[in-house]
Amino acid sequence: CNTKMIMRSSFLLLITLISSVESFSPGWATHRNSAVFAKGFGGGGSGGGFGASKPGKKKKKQPGTRLVDTLNDKEKDPSAKKKKKGTTFNKNEQDKMLEDLAASASRTVIGQAVASSPMAGSPDADPFWELMPSLISSRFPNVSDDQLQRIAGFVRHTLDPNLPLEDDIVSNPHRPHEEIHAYMPGLGETKPFYDPDQLKLCQLMSENYETIKEEYHALVKDMEASGKDRFQSVTSMNYEAGWKTVVLFYNGHRIPDFPYHLCPVTTKILETVPIAGRIAGFNRQKPQTGIPLHSDGNNMWLTCQMGIHVPEGEKAHIRVGPETRYWKEGECLLYDTTFEHETMNASSDEERVVLHVDFFNTIAMTPIEIEIMQYIYSLREEFMKAEGVAKVGAQVL
């Protein structure tokens with residue numbers, strides 16, 4: 001019947017997604033406990049990155065793990081090893097195992113969050129979220145429900161946008177709550193600007209300012225020599241506001257064929273944090289231009305920017321909420337973009353360049369919460385690709 005076919009397709013998708021991310025390990029985790037980053041340190045920039053495997057010997061990709069290959073009954077690789085005797089595939093056993101996993105996962109706090117969705121069990125239910133309890137239980141079997149409470153809150157708000165937000169957002173005139181699209185409750189009080197000294201990331205960026213500036217110049221010279229302009233307007237708003245970016249990471253991933261050998265220190269520093277699903281790179285703003293007032297709808301992320309080239313005389317500023325700060329070369333600004341914010345470069349002839357990174361809020365979120373959210377984002381991206389989405393946008397949730 002149709003119900004059984006849908007269940008079988010969902011289980012098949014479950015297997016495929018688990019296979020596609022079974023080696024998932026956030027690259028920032030391999031760097032976050034590093035003891036020393038010497039001033040002006042070098043390196044080959046071989047770190048992981050968003051959703052990347054831990055450094056080590058690369059594994060040869062196995063055939064037949066893509067969803068499209070599975071669904072199309074792709075012919076097996078003739079060079080593939082034959083199954084050993086005694087390992088005959090038993091579909092009934094596999095179905096039973098997956099059904100048991102789904103039943104167990106449905107009783108977790110994540111399973112209960114999905115079940116509370118207004119669309120749960122209906123034809124309009126999002127199959128991705130219907131599978132999420134099983135996926136998280138399979139990938140994180142030792143994580144308790146207590147550790148998952150805020151993740152479950154995120155799931156509830158994702159599946160039911162009509163749920164009320166916490167009062168600290170709703171009552172704050174500088175945080176447009178109607179623009180929130182990805183929300184984790186219980187993260188506590190926030191503020192427009194944070195003290196950058198409380199994060200190792202900001203310390204590393206400032207300590208290595210001269211090297212980072214040299215690497216930026218190397219990228220610019222490479223563009224001039226090759227004729228390839230890597231500056232992009234990530235959104236139409238940025239384009240109209242004279243703001244362009246040399247993107248080093250997009251959706252937390254490295255950029256294919258990017259000349260990372262020209263910016264190894266910058267790359268390694270950025271990979272010390274869990275880069276979030278937007279961009280990280282060098283932003284420049286033309287003279288006499290500015291980003292108009294807006295807010296970003298994800299309360300799990302923070303933004304850090306360090307001045308690379310800044311016009312003299314406090315001519316380049318950013319206002320976040322009611323507070324205004326001026327960029328300074330070699331110094332970081334750390335802020336929460338759920339507050340309305342706008343920028344301006346009032347110089348008549350000088351560009352403003354900053355190193356920019358959006359990352360998961362390591363101040364308010366636990367390491368396991370961040371790892372699970374990275375896992376969810378990576379699954380969502382794979383799911384959208386499997387569903388035939390040709391281009392995954394800057395925000396996958």
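Everything discussed here concerns the structure shown above.
What you are looking at is a predicted structure, and each value in this text was computed from that prediction instead of being measured.

**Examining the pattern of salt bridges**
When their charged atoms lie close together, side chains carrying opposite charge are able to pair.
Thought 1: Evaluated as defined, the whole model comprises 10 salt bridges.
Thought 2: Residue arginine 175 is joined to aspartate 168 by a salt bridge in which the shortest nitrogen-to-oxygen separation is 3.5 Å.
Thought 3: Residue class for aspartate 168 comes out partly exposed when judged on its relative accessible area of 30%.
Thought 4: A salt bridge links glutamate 351 to arginine 284, with the nearest nitrogen and oxygen atoms 3.6 Å apart. Taken together, the positions of glutamate 351 in the loop between strand E10 (341-345) and strand E11 (352-360) and arginine 284 in strand E5 (residues 275-285) put the pair 67 residues apart, joining distant regions of the chain.
Thought 5: The class of arginine 284 is partly exposed, set by a relative accessible area of 23%.
Thought 6: What emerges from the salt-bridge pattern is a single network uniting Arg319, Glu340 and Glu342.

**Focus: a negative patch on the surface**
Thought 1: On the surface, a cluster of negative charge is contributed by Glu312, Glu329, Asp349 and Glu350.
Thought 2: Among the secondary structure elements, aspartate 349 is positioned in the loop between E10 and E11.
Thought 3: For aspartate 349, a relative accessible area of 59% corresponds to the exposed category.

**A short note on the packing of aromatic side chains**
Thought 1: If you walk through the whole model with that rule in mind, you get 11 aromatic pairs.
Thought 2: When the centroid spacing of 6.1 Å and the interplanar angle of 65° are considered together, the rings of tryptophan 129 and phenylalanine 154 count as edge-to-face. Taken together, the residues tryptophan 129 in helix H5 (residues 127-139) and phenylalanine 154 in helix H6 (residues 149-159) connect sequence positions 25 residues apart. Like phenylalanine 154, tryptophan 129 is buried.
Thought 3: For the pair tryptophan 301 and phenylalanine 360, a centre-to-centre distance of 6.2 Å together with 90° between the ring planes defines the contact as edge-to-face.

**Some details on the environment of aspartate 168**
Thought 1: With respect to the secondary-structure elements, aspartate 168 resides in helix H7 (residues 167-170).
Thought 2: Sequence-distant contacts of aspartate 168, defined by excluding residues within four places in its chain, comprise Arg175, Gly188 and Glu189.

**A few points about unusual backbone geometry**
The phi angle of most residues is negative, glycine excepted, and most peptide bonds adopt the trans form.
Thought 1: A positive phi is found at glutamine 288, a non-glycine position, where the angle reads about 60°.
Thought 2: Looking at the secondary structure, you find glutamine 288 in the loop between E5 and strand E6 (301-309).
Thought 3: Within the chain, glutamate 314 stands out as a residue other than glycine whose phi angle is a positive 50°.
Thought 4: For glutamate 314, the location among the structural elements is in the loop between E6 and strand E7 (316-320).
Thought 5: Of the residues examined, glutamate 314 reaches a relative accessible area of 52% and is grouped as exposed.

**Notes on the pairing of strand E8 (residues 323-326)**
Thought 1: Pairing analysis gives four bridges linking E7 to E8, with the strands arranged antiparallel. The residue of E8 that forms the bridge with arginine 319 is threonine 324.
Thought 2: Between the antiparallel neighbours E7 and E8 lie two residues, among them glycine 321 with a positive phi of about 60°.

**A word on the sheet that holds E10**
Thought 1: An order of E8-E7-E10 is seen for the three strands of this open sheet, with the pairing classed as antiparallel. Two strands in the sheet have a free side with no partner beyond their single neighbour: E8 and E10. Within this sheet the neighbouring strands show an average axis-to-axis angle of 20°, counted without direction.

Rules used throughout
Residues numbered from 1 in each chain as written. Predicted model: local features only at pLDDT ≥ 70, side-chain atom pairs only at ≥ 80, totals over all residues. Heavy atoms only, no water. Salt bridge = Lys/Arg side-chain N within 4 Å of Asp/Glu carboxyl O. Buried < 20%, exposed > 50% of the residue type's maximum accessible area, 1.4 Å probe, protein only. Helix = DSSP H or I, 4+ residues; strand = E, 2+ residues; numbered from the N terminus. Patch = residues over 30% accessible without salt bridge, like charges linked within 9 Å, V, L, I, M, F, W, Y side chains within 5 Å. Areas by Shrake-Rupley, 256 points an atom, 1.4 Å probe, with all protein chains shown as cover. Lys, Arg positive; Asp, Glu negative; His and termini not counted. Charge placed at Lys NZ, Arg CZ, Asp CG, Glu CD. Phe/Tyr/Trp six-rings, centres within 6.5 Å; stacked < 30°, edge-to-face > 60°. Contact = heavy atoms within 4.5 Å. Pairing = 2+ DSSP bridges. Axes fitted to C-alpha atoms, helices over the stretch in contact; angles between N-to-C directions.

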